[in-house]
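# Coordinates in review
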Amino acid sequence: MSADTDANAVPAPASEGLVMGKEGMAALVDVLVRRGFTVIGPTARDGAIALAELRSADELPYGWGVELEAGRYRLRQRADGAAFANAAGPQSWKSFLHPARAREWSTDRVGGELVFTADEAAPPRYAFLGVRPCDLRAIAIQDRVLTGGTYRDPGYEGRRSAALLIVVECTEPGATCFCVSMGTGPAVGAGHDLVMTEVVDRNGHRFWVRSGSEEGAEILAELPGRPADQEIQETARAGVTAAADRMGRTMPEADLRELMAGTLDAPRWDEVAGRCLTCGNCTMVCPTCFCTTTEDVTDLTGDHAERWRLWDSCFDLDFSHLHGGPVRASARSRYRQWMTHKLGTWYDQFGSSGCVGCGRCIVWCPVGIDITEEAAALHDWTQPGATAAEPDGG
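Residues numbered from 1 in each chain as written. Predicted model: local features only at pLDDT ≥ 70, side-chain atom pairs only at ≥ 80, totals over all residues. Heavy atoms only, no water.

Glancing now at the packing of helix H3 (residues 133-147) against helix H11 (residues 331-350). Relative orientation of the contacting elements H3 and H11 amounts to 50 degrees, with a least axis distance of 11 Å. Relative to H11, the element H3 is oriented oblique. Read as a crossing pair, H3 and H11 show a hand that is left-handed. Touching Ile141, Arg144 and Val145 of H3 are Trp346, Gln349 and Phe350, all from H11. (Axes fitted to C-alpha atoms, helices over the stretch in contact; angles between N-to-C directions. Helix = DSSP H or I, 4+ residues; strand = E, 2+ residues; numbered from the N terminus. Parallel < 35°, antiparallel > 145°, perpendicular 65-115°, else oblique. Left-handed = near helix turned anticlockwise from the far one by under 90°. Contact = heavy atoms within 4.5 Å.)

Taken as a whole and judged by the stated rule, the model has 30 salt bridges. A salt bridge links Glu53 to Arg55; its shortest N-O distance comes to 3.0 Å. Judged by its relative accessible area of 35%, Glu53 is partly exposed. We classify Arg55 as exposed; its relative accessible area is 64%. With its nearest N and O atoms 3.0 Å apart, the salt bridge here joins Asp119 to Arg103. (Salt bridge = Lys/Arg side-chain N within 4 Å of Asp/Glu carboxyl O. Buried < 20%, exposed > 50% of the residue type's maximum accessible area, 1.4 Å probe, protein only.)

Let us look at the environment of Leu317. Here Leu317 shows up in the loop between strand E14 (304-311) and strand E15 (321-322). The exposure class assigned to Leu317 is partly exposed, which follows from its relative accessible area of 39%. Taking C-alpha positions, Leu317 is 8.8 Å from Ala331, a pair spaced 14 residues apart along the chain. Discounting residues that sit within four places of it in the chain, Leu317 has contacts with Pro326, Arg328, Ala329 and Arg334.

Turning our attention to the sheet that holds strand E13 (residues 292-298). As summarised here, the arrangement of the four strands in space is E7-E6-E14-E13, forming an open sheet in which the pairing is antiparallel. Of all strands in the sheet, those with a lone pairing partner are strand E7 (113-118) and E13, marking the two edges. Averaged over all pairs of adjacent strands, the angle between strand axes in this sheet comes to 20 degrees, irrespective of strand direction. As judged from the seven bridges shared by E13 and E14, these two strands associate in the antiparallel manner. Looking at the pairing, Glu295 lines up with Trp308 of E14. (Pairing = 2+ DSSP bridges.)

Time to look at helix H4 (residues 154-161). Turning to H4, its buried residues are Tyr156, Gly158, Arg159 and Arg160. The elements touched by buried residues of H4 are helix H2 (94-97), H3, strand E9 (164-168) and E14. A side-chain oxygen of the first residue of H4 lies 3.0 Å from the backbone nitrogen of Gly155; this N-cap is Asp153. (Polar contact = N/O pair within 3.5 Å; in protein donor to acceptor, adjacent residues only side chain to side chain.)

Here's what the structure looks like:
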């Protein structure tokens, strides 16, 4: 009996997992909804692979792939009907765990006094279906930033602690992917509840699913399928291994932290600043950028006010504004701040790189600035015979 119809099969041990077909994917979404989760996953809409609430597995982007290049993103139809053979879209899971707009508190004038009310709504129980290995690492990085220090973000912590992570290993990287360079994929790392690898070949369309937590094992036990045999395991692993050899981009083979620290005066910063629009797109689509600002709003009577937290960007001229003006007034200084922080000084703050190699900043840059190309240019400048350093204009 095929994996699509073997609803009465006994699941294999968690270490081996099970193999299921599209019917099993439908059952997975049903199980998650029945357990009280709001299921978020990829779907094809508005000309992109977008993350949205899924009511059923039929909303997954079966048969849709993507064409990626610097400053370019296009959907394309696939003949094989694969659901997850598309690289990271414009959104990341940050949009749900660390939303772009969140109310912090409100206040009302009552009898001549101000009464403050904290926004303490119960966090949603998200089940993230289709998390890429690079984005799994990005979530771990955001965990460290927002909950790993002295000052913790209670809103993020509540949403994150309630979230279930279902990861899909990559078997078809995009032209702008470089997760291998950053050690974040295409194979799964730690921290997931379930992981699956999609396989489409002459033997059919199926998913090899394994558990990574106790709750993941409980969900796995409710899914239809058959024990994963050696053939599916070898085929799935071979697909992931092959993907590692087909990355569209690579970082230079150098210590990026030292490279950033040693090239602050490189003339390349002037060249990239001449192209950069300082629009902040790269920070908006980045799955690890976390900076925020606050905005206070009132009603027309002045008796009710709210404080909202909003995403902010280091490309904003006012981001570093102090009395007398901004610290980083030039495009050169703002681009350099973003890139040197992402690849270098992030280590000093959080013990890891802030880049996971997803390639979103390359795709969604309006002028096609490529962080791997910029890193390579800086590396070339450090080699013998390169042009001497110019005065720092930042």
